[in-house]
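For reference, the chains in residue letters:
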Amino acid sequence: MEVVIVPDAKAGGELIAEAMAALVRRKPDALLGVATGSTPLPVYEALAAKVRAGEVDASRARVCQLDEYVGLPAGHPESYRAVVLREVVEPLGLSEASFMGPDGSAEDIVAACEAYDRALAAAGGVDLQLLGIGTDGHIGFNEPCSSLASRTRIKTLTEQTRIDNARFFDDDMDQVPHHVITQGIGTILDARHLVLLATGEGKAEAVAQTVEGPLSALVPASALQLHRHATVVVDEAAASKLKLADYFRHTYANKPAWQGL
Ligand code: PGA
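Let us look at the structure shown here.

Definitions and limits used
Residue positions are given per chain, counting from 1 as you read along its sequence in written order. Local features in this predicted model are restricted to residues whose pLDDT is 70 or higher, and side-chain atom pairs enter the listing and the counts only when it is 80 or higher, whereas totals over whole chains, interfaces and linings include all residues. Excluded from the side-chain calculation are hydrogens and water; included are all heavy atoms of the structure. Any residue with at least one heavy atom within 4 Å of a molecule or strand is counted as near it. N or O atoms closer than or at 3.5 Å make up a polar contact, with two conditions inside protein: a donor-capable atom paired with an acceptor-capable one, and, for residues adjacent in sequence, both atoms drawn from side chains. Computed with a 1.4 Å probe, the accessible areas rest on the Shrake-Rupley method; for each residue, only the protein chains presented here act as cover. The cut-offs for exposure are 20% and 50% of the maximum accessible area for each residue type, with area from a 1.4 Å probe on protein chains only; residues under the lower value are buried, those over the upper are exposed, and the others partly exposed. Segments assigned H or I by DSSP are reported as helices when at least four residues long, segments assigned E as strands when at least two residues long, and all are numbered from the N terminus. A pair of strands is considered paired only if DSSP assigns at least 2 bridges between the two. Space inside and on the surface of the protein is sampled on a 1 Å grid over the protein atoms alone, with a cavity defined as a set of points where a 1.4 Å probe fits but cannot get out and a pocket as an open set with protein on both sides within 12 Å along at least 5 of 7 lines; lining residues have an atom within 4 Å of a point. Grid points are joined across faces, edges and corners, and a volume is the space filled by probe spheres set on the points. Under the scheme applied here, ten amino acids are nonpolar (Ala, Val, Leu, Ile, Met, Phe, Trp, Tyr, Cys and Pro), four are charged (Asp, Glu, Lys and Arg), and all others, including Gly, are polar.

1. Let's talk about the site of the ligand
Phase 1: Neighbouring residues of the ligand: Gly-37, Ser-38, Thr-39, Gly-132, Ile-133, Gly-134, His-138, Arg-167 and Lys-203.
Phase 2: Here an oxygen atom of the ligand sits 2.8 Å away from a polar atom, N or O, in the side chain of Arg-167.
Phase 3: Here an oxygen atom of the ligand and a side-chain polar atom of Lys-203 are 2.6 Å apart.
Phase 4: For the ligand, whose accessible area on its own is 280 Å², the fraction buried by protein is 84%.

Laid out in structure tokens, this is it:
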């Protein structure tokens, strides 16, 4: 995989936003897979700024969700549907019709998961999937020991992930759902380009294991090693445990101009 070390989160956001903009210029109705959490916000801010500045026309772009909490009341501001509408769909000036996600309030969750996988395929597949990474190495909500071939399904969150996410629920653990729907690792690997963004020292260990560790279900993000076009964008803090950091810097600095992310 390609590893790009950037000075800070803003630079990472700008780099990935430009890759998304280039994709949308090439393919105006591209399907962009978006992630929630704090890390991707600089990407969405930079992309929305490009749209406002007229650098890219994203009016035909489509957006799809990576995961969703199960059981939050409809319209809950921290449901990932609400977050993606607020952080991505509205700032890009897209309509709700251009957006798809799994139904976390469905009566039949198993059917809802299968329906989402079918809908992604029917939409032509994800062109670029943006990913964050959990401190435990999860992508989407594929917690450690997820099947590397898994499809969209219901998962139980680890206690660590619930603790990490409590900040979105007034630091009240009782409000943090236990269950989620997540694209499976196999589903994620179907996307044409995977771009993982990690910032801050708290992610350094997970990043090192993802990039340099063995392929292991214990570190779900290591499945990116199986993908033919995976890019890992990290700031200096998140890169701090990479043994090959200097090599990655050298490679990126000497990259041919025609080769985008
Ligand atoms: P974060 O979440 O960006 O808020 O750190 C990442 C993740 O859990 O995938």
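2. Some details on the pairing of strand E1 (residues 2-6)
Phase 1: E1 sits mainly inside the fold: four of its five residues count as buried.
Phase 2: In this structure, E1 lies alongside strand E10 (residues 230-235), joined through five bridges in parallel fashion. For Val-4, the partnering residue across the bridge sits in E10 and is Val-233.

3. Regarding empty space enclosed by the protein
Phase 1: In the structure shown here, the tally under the stated rule is one cavity of 30 Å³ or more.
Phase 2: As a volume, the largest cavity reaches approximately 40 Å³.
Phase 3: Lining the largest cavity are Ala-35, Thr-36, Gly-37, Leu-41, Tyr-44, Val-83, Val-84, Glu-87 and Val-88.
Phase 4: Among the elements of the structure, helix H2 (41-52) and helix H3 (80-89) are those that each provide at least two residues to the lining of the largest cavity.
Phase 5: Sorting elements by how many residues they give to the lining of the largest cavity places H3 first, with four residues.
Phase 6: When its residues are assigned to classes, the lining of the largest cavity shows six nonpolar, two polar and one charged.

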